[in-house]
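Spelled out, the chains give:
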Amino acid sequence: MKRIVVALGGNLILEAGHTATFEEQVNDIELRSRGIAYLVMQGHQVVVVHGNGPQVGASLIQNEEAAAVVPAMPLHNCVAQTQGQLGTMLQLSLTNALRAVQIDRPVVTLVTHTIVSQDDPALTAPTKAIGPYYAEQRARRLMREHRFHLKKVGNRGWRRLVPSPDPKKILEGAAIERLLEGGAVVIAAGGGGVPLMEVAGTYKGIDAVIEKDLAAQQLAHQIDADLLLHLTDVQGVALDFGKPQQRWLDRVTAPELRHYQQEGHFGPESMGPKVESAVRFVSHGQPNRRAVIGSLSDVPRLLAGHAGTWVVPL
Ligand code: ADP
Ligand code: MG
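The rules behind these values
- Residues numbered from 1 in each chain as written.
- Chains lettered and ligands numbered in written order.
- Predicted model: local features only at pLDDT ≥ 70, side-chain atom pairs only at ≥ 80, totals over all residues.
- Heavy atoms only, no water.
- Buried < 20%, exposed > 50% of the residue type's maximum accessible area, 1.4 Å probe, protein only.
- Helix = DSSP H or I, 4+ residues; strand = E, 2+ residues; numbered from the N terminus.
- Pairing = 2+ DSSP bridges.
- Expected span 1.5 Å × (residues − 1).
- Axes fitted to C-alpha atoms, helices over the stretch in contact; angles between N-to-C directions.
- Contact = heavy atoms within 4.5 Å.
- Polar contact = N/O pair within 3.5 Å; in protein donor to acceptor, adjacent residues only side chain to side chain.
- Near = heavy atom within 4 Å.
- Areas by Shrake-Rupley, 256 points an atom, 1.4 Å probe, with all protein chains shown as cover.
- Nonpolar A, V, L, I, M, F, W, Y, C, P; charged D, E, K, R; others polar.
- Salt bridge = Lys/Arg side-chain N within 4 Å of Asp/Glu carboxyl O.
- Phe/Tyr/Trp six-rings, centres within 6.5 Å; stacked < 30°, edge-to-face > 60°.
- Lys NZ or Arg CZ within 6 Å of the ring centre and 35° of its normal.

Draft legend 1. Expanded view of the pairing of strand 12 (residues 227-232). Judged by how many residues are buried, strand 12 sits mostly within the fold: 6 of 6 residues are covered. The alternating pattern of strand 12 places Leu 227, Leu 229 and Leu 231 on one face and Leu 228, His 230 and Thr 232 on the opposite face, and all of these are buried. Relative to strand 12, strand 1 (residues 3-8) runs parallel, the two being bridged by 5 bridges. Note on strand 12: the bridge partner recorded for Leu 8 is Leu 231.

Draft legend 2. Spotlight on helix 9 (residues 271-282). With 12 residues, helix 9 ought to run about 16 Å at 1.5 Å a step, and its terminal C-alpha atoms sit 17 Å apart, in line with that. Taking burial as the measure, the 12 residues of helix 9 include 11 buried ones, the bulk of the element. Buried residues of helix 9: Met 271, Gly 272, Pro 273, Lys 274, Val 275, Glu 276, Ser 277, Ala 278, Val 279, Phe 281 and Val 282, and no others.

Draft legend 3. Focus on the sheet that holds strand 9 (residues 185-187). The strand order across the open sheet built from 8 strands is 3-9-2-1-12-16-17-15, with neighbouring strands paired in mixed fashion. Strands at the two margins of the open sheet, each flanked by one partner only, are strand 3 (107-109) and strand 15 (251-253). Each strand of the sheet is rotated relative to its neighbour by a mean of 20°, with strand direction disregarded. In this structure, strand 1 lies alongside strand 2 (residues 45-50), joined through 6 bridges in parallel fashion. Within the sheet, the bridge partner assigned to Ala 7 lies in strand 2 and is Val 49. Its contacts with the sheet place helix 6 (residues 173-181) against strand 1, strand 2, strand 3 and strand 9, and it is angled at close to 135° to strand 2.

Draft legend 4. Local environment of the side chain of Arg 105. Positionally, Arg 105 belongs in the loop between helix 4 (75-100) and strand 3. From its side chain, Arg 105 meets the backbone oxygen of Gly 183 in a polar contact 3.0 Å long.

Draft legend 5. Region of interest: the sheet that holds strand 6 (residues 149-153). Read across the open sheet, the 3 strands follow the order 5-7-6; overall the sheet is antiparallel. At either end of the open sheet lies a strand with only one pairing partner, and these are strand 5 (128-134) and strand 6. Each strand of the sheet is rotated relative to its neighbour by a mean of 35°, with strand direction disregarded. As paired strands, strand 6 and strand 7 (residues 157-162) are joined by 5 bridges and run antiparallel to one another. Each bridged residue has a counterpart across the sheet, and for His 149 the counterpart in strand 7 is Leu 161. Contacts from helix 3 (residues 53-65) reach strand 5 and strand 7, with the element oriented near 50° to strand 5.

Draft legend 6. Examining the site of ligand 1 more closely. Of all residues adjacent to ligand 1, which total 18 residues, the nearest are Lys 212, Thr 232, Asp 233, Ala 238 and Lys 274. For ligand 1, an oxygen atom lies 2.7 Å from a polar atom in the side chain of Asp 233. A distance of 3.4 Å separates a nitrogen atom of ligand 1 from a polar atom in the backbone of Gly 267. Here ligand 1 loses 83% of its free accessible area of 580 Å² to cover by the protein chains. When the residues that make up the shell around ligand 1 are grouped by side-chain class, the tally is 6 nonpolar, 8 polar and 4 charged.

Draft legend 7. Quick look at the pairing of strand 16 (residues 290-295). In terms of burial, strand 16 is a largely internal element, 5 of the 6 residues being buried. Bridging between strand 12 and strand 16 involves 6 bridges; their strand directions are parallel. When the sheet's bridge partners are listed, Leu 229 is paired in strand 16 with Val 292. Bridge count for strand 16 against strand 17 (residues 309-312) is 3 bridges, and the pairing is antiparallel.

Draft legend 8. Summary view of the environment of Arg 159. The topology assignment puts Arg 159 in strand 7. The exposure class assigned to Arg 159 is buried, which follows from its relative accessible area of 17%. Residues in contact with Arg 159, not counting those within four places in the same chain, are Ala 129, Ile 130, Gly 131, Pro 132, Tyr 133, His 149, Leu 150, Lys 151 and Val 153. A distance of 2.8 Å separates the side chain of Arg 159 from the backbone oxygen of Gly 131, its partner in a polar contact.

Draft legend 9. A look at the pattern of salt bridges. Taken as a whole and judged by the stated rule, the model has 15 salt bridges. Notably, a salt bridge pairs Glu 65 with Arg 138, separated by 3.4 Å at the nearest N-O pair. Of this pair, Glu 65 sits in helix 3 while Arg 138 sits in helix 5 (residues 136-146), and the two are 73 residues apart along the sequence. For Glu 65, a relative accessible area of 53% puts it in the exposed group. Arg 138 sits in the partly exposed class, given a relative accessible area of 27%.

Draft legend 10. Structural detail: the packing of aromatic side chains. Under the criterion given, the structure shown has 1 aromatic pair. For the ring pair Phe 241 and Trp 248, a centre distance of 6.4 Å and an interplane angle of 70° mean the geometry is edge-to-face. Given the relative accessible area of 29%, Trp 248 is considered partly exposed. Lying across the ring of Phe 148, Arg 160 places its NZ or CZ 3.6 Å from the centre.

Structure (C-alpha cells):
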C-alpha cells in the first residue's frame with residue numbers, strides 16, 4: 001500500500017470543444033476519474049488535487065456580469081467555489097465507481113487553503129492570466145474601479161493578471177492525513193488551494209492563483225507521500241518537445257531533470273511546474289520517494305512502471 005498524491009489537469013476535465021455544460025463536465029470527469037478509481041481499487045491511500053482554470057474563469061464571468069444584481073465575490077472565494085463544484089462531481093463519480101466493485105471507502109472533498117509567504121516576490125509581479133478577454137474600454141474601467149492588473153495579450157484583447165506565489169504550507173495537511181488513515185479517498189487543494197497570507201497572526205484570503213502542480217508537491221511533502229503522480233494529456237516529459245528531434249524521457253534523476261529545465265525544455269506554464277514539482281518532491285532526502293508524469297489514460301501501466309516519466313532522487 002502506497003500513499004499517493006495525484007495531480008489532475010484542469011483542462012483535462014474539459015474535453016476540447018465542449019462548452020462546459022453541467023452534463024458535459026460530469027461526463028468528462030467520469031471518464032477521467034477511472035484511473036483514480038483504479039488506484040483506490042489497488043488498495044492505495046489516494047489524495048486528488050485537481051486544476052480549475054476553465055471553471056474559475058467561468059465563475060469570474062458569472063460574478064462580473066451579475067455584479068449589478070449580486071455583489072461580485074473576490075477571486076480567492078471563487079477558487080473555494082470551484083473546489084466544491086468540481087469536488088462534488090469527482091466525489092460522486094469516484095463513489096459510484098467504487099460502489100460498482102463493492103469497495104466501501106468514503107470519498108471526501110475538503111475545502112483547502114494554501115499559505116504563501118508575505119514577501120514572496122511573485123506578489124508584486126502579477127504574471128498569471130485568468131478569466132475572459134476584455135475589450136480595451138472595459139479593461140481600463142476594471143483597472144480604474146477595481147485596481148485589477150490587466151494586460152493586452154496578443155490580438156484577442158486584454159486579460160487580468162494575478163500573482164502566482166509559491167505554496168509554503170497546506171493549512172489542512174494534518175487533517176488530510178487523518179482522513180487517509182481513516183480509509184478515506186480525499187479530494188483536496190483543488191485549483192492549488194484558496195490562497196492565504198498571514199497578517200499579524202491572522203490568515204486572510206488574497207487574490208492570487210497557486211499552481212496546482214506545486215500545491216500537490218507541497219501537500220505530498222507534508223503528508224510524506226510515497227508517490228506524486230501528475231496525470232496530464234501527454235505520455236510524459238519530452239526533451240525538444242514538438243521538434244523533429246523530440247525524445248521522451250522514461251527514467252530521469254532529479255539533478256538531470258533540473259539540468260534539462262535550466263536548458264529551457266519545458267513550457268513555463270505547462271510542463272514546467274510539473275517538472276519543478278517532481279524535482280522538489282524527490283529532493284527532500286527521503287530515498288524512496290518517486291514522482292511520475294504521464295497520461296491520464298495510462299494509469300495501470302504508469303503504476304506498473306511501464307509508462308510515463310519516472311523521476312528518482314539520484
Ligand atoms: P495540465 O492541465 O495537466 O496541468 P498543461 O497544459 O499545464 O496541463 O501541461 C501539459 C502540456 O505541457 C502538454 O499538453 C504539452 O503540450 C506541454 N508541454 C510543454 N513542454 C513539454 C515537454 N517538454 N514535454 C511534454 N509536454 C510539454
Ligand atoms: Mg497546468
